[in-house]
Amino acid sequence: TSRLYLTGLSMGGYGSWSLGLELCERFAAIAPICGGGSFIDVYNANGAKGKALRSLGVWAFHGGKDTVVPASESEKMVGALKKFGHPNPKLTIYPNARHDSWTITYDNPELYRWFLKHQRQ
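Residues numbered from 1 in each chain as written. Predicted model: local features only at pLDDT ≥ 70, side-chain atom pairs only at ≥ 80, totals over all residues. Heavy atoms only, no water.

*Asks:* What is the right way to look at the overall build of the protein chain in this model?
*Replies:* Within the protein chain, the secondary structure is distributed over 6 helices and 4 strands. Traced from its N-terminal end to its C-terminal end, the protein chain shows the element sequence β-α-β-α-α-β-α-β-α-α. Taken over C-alpha atoms, the radius of gyration comes to 13 Å for the protein chain, in line with the 14 Å a tight globule of 121 residues would show. C-alpha atoms of the protein chain, sized along the principal axes, occupy 40 × 30 × 20 Å. A burial count over the protein chain gives 45% of its 121 residues as buried. (Helix = DSSP H or I, 4+ residues; strand = E, 2+ residues; numbered from the N terminus. Rg over C-alpha atoms; globule rule 2.2 N^0.38 Å. Buried < 20%, exposed > 50% of the residue type's maximum accessible area, 1.4 Å probe, protein only.)

Put into structure tokens, the structure is as follows:
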């Protein structure tokens, strides 16, 4: 239960942002792929929820040539987390990838090593 991870792609990437921010105290880390979300949800977190959000592992992925969901959607979310005071939200943009940025992401063993570094107490 201390190692619940959340990931999703495209609409599931939006879902990962939404659910991950709403239940940030439940997940150890999230990895949204080619998604976006409501940056206002980041700024509304306070107290225990704000503390949980700042300790949530976040690594977002996006294709630089995505014409379905612009990379700016992931950039907006990671930028909001940084402004909120999250110490290390990560963002990887694959410069030549289109919407299918999940294949390269899920084929990357570093993602799974990164997940395992995160745990909730």
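*Asks:* Looking at this structure, how should I read the pairing of strand β4 (residues 90–94)?
*Replies:* If a strand is regular, its side chains alternate between the two faces of the sheet. Judged from the 5 bridges that link them, strand β3 (residues 57–63) and β4 form a sheet pairing that is parallel. Looking at the pairing, Trp-59 lines up with Lys-90 of β4. You can see the chain leave β3, run along helix α4 (residues 72–84) and come back into β4, and the turn it takes is right-handed. (Pairing = 2+ DSSP bridges. Right-handed = clockwise from strand over helix to strand, strands pointing away.)

*Asks:* Explanation requested: a nonpolar patch on the surface in the structure shown.
*Replies:* A cluster of nonpolar side chains, contributed by Phe-39, Ile-40 and Tyr-43, occupies part of the molecular surface with about 260 Å² of accessible area. Structurally, Tyr-43 is set in helix α2 (residues 39–43). Judged by relative accessible area, which is 37%, Tyr-43 ranks as partly exposed. (Patch = residues over 30% accessible without salt bridge, like charges linked within 9 Å, V, L, I, M, F, W, Y side chains within 5 Å. Areas by Shrake-Rupley, 256 points an atom, 1.4 Å probe, with all protein chains shown as cover. Salt bridge = Lys/Arg side-chain N within 4 Å of Asp/Glu carboxyl O.)

*Asks:* Mind showing me how you'd approach the packing of aromatic side chains here?
*Replies:* Aromatic ring pairs are reported here in terms of the distance separating the ring centres and the angle at which the planes meet. Going through the model one piece at a time under the given rule, you end up with 6 aromatic pairs. Ring centres of Trp-59 and Phe-61 lie 4.6 Å apart, and the angle between their planes is 35 degrees; this geometry places the pair in the tilted category. For the pair shown, Trp-59 and Phe-61 are each scored as buried. On the numbers, 5.5 Å between centres and 70 degrees between planes, the contact of Trp-59 with Trp-114 is edge-to-face. With Trp-59 in strand β3 and Trp-114 in helix α6 (residues 109–116), this residue pair connects regions lying 55 residues apart in the sequence. As far as the burial class goes, Trp-59 and Trp-114 line up, both buried. Three or more aromatic residues link up through ring pairs in this structure, and these residues are Tyr-5, Trp-59, Phe-61, Tyr-94, Trp-114 and Phe-115. (Phe/Tyr/Trp six-rings, centres within 6.5 Å; stacked < 30°, edge-to-face > 60°.)

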